[in-house]
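Architecture at a glance
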Amino acid sequence: MSEQQEVVERELTMSRGMVEAIAHEMRANDEVFYMGEDVADYGGIFDSTEGLLDEFGHDRIMDVPISETAYLGAAVGAAQEGMRPIAELMFVDFFGVAMDQIYNQMAKNTYMSGGSVSVPMVLTTAVGGTYNDAAQHSQTLYGTFAHLPGMKVVVPSTAYDAKGLMHNAIRDDDPVVYMFHKRLMGIGWMPAPDGPKTPVPETDYTIPFGSADVKREGADVTIVTLGLHVHRALDAADSLAEDGIDAEVVDLRTLVPLDRETILESVRKTGTLVVVDEDYRSYGVTGEVVATVTDEALAHLDAVERVAMPDIPIPYARPLETETQPQAADIEAAVERTQ
Amino acid sequence: MSADSRVPVAVDDIWPEAADADEGVVINWFAREGTRVSAGDPLCEIQVEKADADVPAPVDGTLAEIVCAEDDEFERGDTLGWIAPV
């Protein structure tokens, strides 16, 4: 054993992990810049750019007018001309006003130009509920972005993953949608659960897209999930362990590309699949994962459950939002139904 | 090492200038008890009247004790934790 693993002692919040990767890439490459609403002087309303203005100034950390079509379109153009823009959509819920720029320009221009341009941009965006921000500010819309070909889709659940995936996103030559969950960022007014703050190396490192991470190994049931619900699934797994049920928790980390092999490998071992998603139940992540398993490993599948947001607008009232969103207890109950 | 040589993690020097309040809350610790820290590195993050500030490690050493855990409230002049210098 000649190589010794560096022991990392400091821990970072997910937002700081993201920001460290962005700052590293901006130092290394003058073509990388960040623009969005309240990303400069405010530092991002969910701390996604905290501290970057001090180091890089307003030329490279740019506040923009409230016109998503204008600045996301500008990012597509800059990317096609060889820059590496990171453009932030403050809430993923606002994507609709710039849908043509995202769905038809960013995602398709490489193809439409016959490969004469590429679009090496990152679209960062805040996702998720749990803080009573109602139906237009609480969605994840994972399925909406993963559905259309042409965009890679990243959903980190820890600081370590957030940093490595951000390095990879900025270096990628194709458009990447980087969806960070507000509840995981480590913000004062929205305390994170215990899981997302992790040791993070100071050096740069990448996590390849399409590599799911088994956050907990188990023999009895496979729980596939992403984002905030990785932590709720881990909580559920701890409770289930007390009842003698050994759950494996698979964190997808990227939806596009999707690491189907890790899902299949786990289900071939456990025979049981529970998919957990904060996005709507229909036409989404849960359906795609279940279909993947029935396509490729049907003979191994003894039981399957889906736990997702019902197909309704996300309620504003706290008890109603809590009731409709998948909680750890809902995941436990779904697992128990499969046993 | 005697307990007397420990260095306090204090907040007075980094208290947000705009804040009128004398109370704050600990949002995040970036080190656990027993881990090594370097002088100047962010040790924890506090919030005073919605303004966030990082509290740097005062000296090189080991984080010997966390006095105010995450979500704990404290007052100006309080000690958030103790560093055992190296």
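Residues numbered from 1 in each chain as written. Chains lettered and ligands numbered in written order. Predicted model: local features only at pLDDT ≥ 70, side-chain atom pairs only at ≥ 80, totals over all residues. Heavy atoms only, no water.

Things to note about the overall build of chain B
If you tally the helices and strands in chain B, you get zero helices and eight strands. Along chain B, helices (α) and strands (β) appear in the sequence β-β-β-β-β-β-β-β when read from the amino end. Here the C-alpha radius of gyration of chain B, 12 Å, is about what a compact globule of 86 residues would show, namely 12 Å. Oriented by its inertia axes, the alpha-carbon framework of chain B measures out at about 40 × 20 × 20 Å. Here chain B, with 86 residues, has 37% of them falling under the buried criterion. Restricting the contact set of chain B to residue pairs at least 6 apart, pairs at least 24 apart contribute 60%. Surface accessibility of chain B: about 4,600 Å² in total, with carbon and sulfur atoms responsible for 44%. Within chain B, the 21 negative side-chain charges are centred at a point lying 6 Å from the centre of the 5 positive side-chain charges. (Helix = DSSP H or I, 4+ residues; strand = E, 2+ residues; numbered from the N terminus. Rg over C-alpha atoms; globule rule 2.2 N^0.38 Å. Buried < 20%, exposed > 50% of the residue type's maximum accessible area, 1.4 Å probe, protein only. Contact = heavy atoms within 4.5 Å. Areas by Shrake-Rupley, 256 points an atom, 1.4 Å probe, with all protein chains shown as cover. Lys, Arg positive; Asp, Glu negative; His and termini not counted. Charge placed at Lys NZ, Arg CZ, Asp CG, Glu CD.)

Thoughts on the interface of chain B and chain A
On the side of chain A, 13 residues touch chain B, which itself brings 14 residues to the contact. Buried surface at the junction of chain B and chain A, both sides included, amounts to about 1,000 Å², of which 35% is carbon and sulfur. Contact with chain A buries area across many residues of chain B, yet B:Asn28, B:Phe30 and B:Arg32 alone supply 41% of it, more than any other trio. Linking chain B with chain A are four salt bridges, by the criterion used here. The partner of B:Arg32 in a salt bridge is A:Glu11, with the nearest N and O atoms 2.4 Å apart. Our count for the contact surface shared by chain B and chain A stands at eight residue pairs in polar contact (both at pLDDT 80 or more). (Buried area = accessible area lost by both parts, 1.4 Å probe. Salt bridge = Lys/Arg side-chain N within 4 Å of Asp/Glu carboxyl O. Polar contact = N/O pair within 3.5 Å; in protein donor to acceptor, adjacent residues only side chain to side chain.)

Focus on the domain arrangement of chain A
Residue and element names in this part refer to chain A. Segmentation of chain A into domains returns domain 1 (11-199) and domain 2 (213-338). Distance between the C-alpha centres of domain 1 and domain 2: 26 Å. Contacts between the two partners involve 31 residues from domain 1 and, on the opposite side, 27 residues from domain 2. When domain 1 packs against domain 2, close to 2,200 Å² is buried across both sides, 58% of that on carbon and sulfur atoms. On the domain 1 side of the contact with domain 2, Thr 130, Asn 132 and Tyr 142 bury the most area, a combined 26% of that side's loss. Between domain 1 and domain 2 we count two salt bridges in total. The salt bridge involving Asp 161 is made with Lys 215; its shortest N-O contact spans 2.7 Å. Linking domain 1 with domain 2 are 18 residue pairs in polar contact (both at pLDDT 80 or more). At the level of secondary structure, the elements contributing two or more residues to the side of domain 1 that touches domain 2 comprise helix 6 (142-147), strand 6 (152-154) and helix 7 (159-171). (Domains from an automatic or database assignment.)

Some thoughts on the sheet that holds strand 3 (residues 36-37) of chain B
Residue and element names in this part refer to chain B. Strand order across the open sheet formed by four strands is 1-8-6-3, with antiparallel pairing between neighbours. Strand pairing shows two members of the sheet lacking a second neighbour, strand 1 (7-10) and strand 3, which therefore form its edges. Relative to strand 8 (residues 79-85), strand 1 runs antiparallel, the two sharing four bridges. Each bridged residue has a counterpart across the sheet, and for Ala 10 the counterpart in strand 8 is Thr 79. (Pairing = 2+ DSSP bridges.)

A word on the nonpolar core
Residues and elements named next belong to chain A. By size, the foremost hydrophobic cluster in this structure holds 49 residues, and its most contacted members are Ile 102, Met 106, Phe 145, Met 151, Met 179, Leu 252 and Leu 273. With six residues, helix 3 (residues 68-80) is the single largest residue contributor to this core. Counting residues domain by domain, this core receives three or more from each of domain 1 (11-199) and domain 2 (213-338). Those residues in contact with Leu 273 that lie beyond four places of it in its chain are Thr 222, Val 224, Val 267, Val 289, Val 290, Val 293, Leu 301, Ala 303, Val 304 and Glu 305. In terms of nonpolar packing, the next biggest core, distinct from the first, is built from 43 residues, Leu 53, Val 154, Phe 180 and Leu 228 among them. (Core = buried A, V, L, I, M, F, W, Y, C linked by side-chain atoms within 4.5 Å.)

As for the pairing of strand 2 (residues 32-36) of chain A
Residue and element names in this part refer to chain A. When you tally the buried positions in strand 2, you get five out of five residues, the bulk of the element. Pairing analysis gives three bridges linking strand 2 to strand 3 (residues 61-63), with the strands arranged parallel. From the neighbouring strand, Tyr 34 faces strand 3, where its bridge partner is Ile 61.

A closer look at the layout of surface pockets
Each pocket or cavity is described by its volume, and for the second largest pocket that value is around 360 Å³. Surrounding the second largest pocket, 23 residues form its lining, A:Asp194, A:Lys197, B:Asn28, B:Trp29 and B:Glu70 being those nearest its centre. Considering each element in turn, the lining of the second largest pocket owes the most residues, three residues, to strand 2 (residues 23-29) of chain B. Here the lining of the second largest pocket is built from residues that sort into twelve nonpolar, four polar and seven charged. (1 Å grid on protein atoms, 1.4 Å probe; cavity = no way out; pocket = protein on both sides within 12 Å on 5 of 7 lines; lining within 4 Å. Points joined across faces, edges and corners; volume = space filled by probe spheres on them. Nonpolar A, V, L, I, M, F, W, Y, C, P; charged D, E, K, R; others polar.)

Section: the packing of helix 3 of chain A against helix 4 (residues 99-106) of chain A
All names here are of chain A. Packing of helix 3 against helix 4 brings their axes to within 8 Å, and their N-to-C directions diverge by 20°. The orientation of helix 3 relative to helix 4 falls into the category roughly parallel. On helix 4, the residues touching Thr 69, Leu 72, Gly 73 and Val 76 of helix 3 are Gln 101, Ile 102, Gln 105 and Met 106. Looking at side-chain class alone, the contact of helix 3 with helix 4 contains four nonpolar, four polar and no charged residues. (Axes fitted to C-alpha atoms, helices over the stretch in contact; angles between N-to-C directions. Parallel < 35°, antiparallel > 145°, perpendicular 65-115°, else oblique.)

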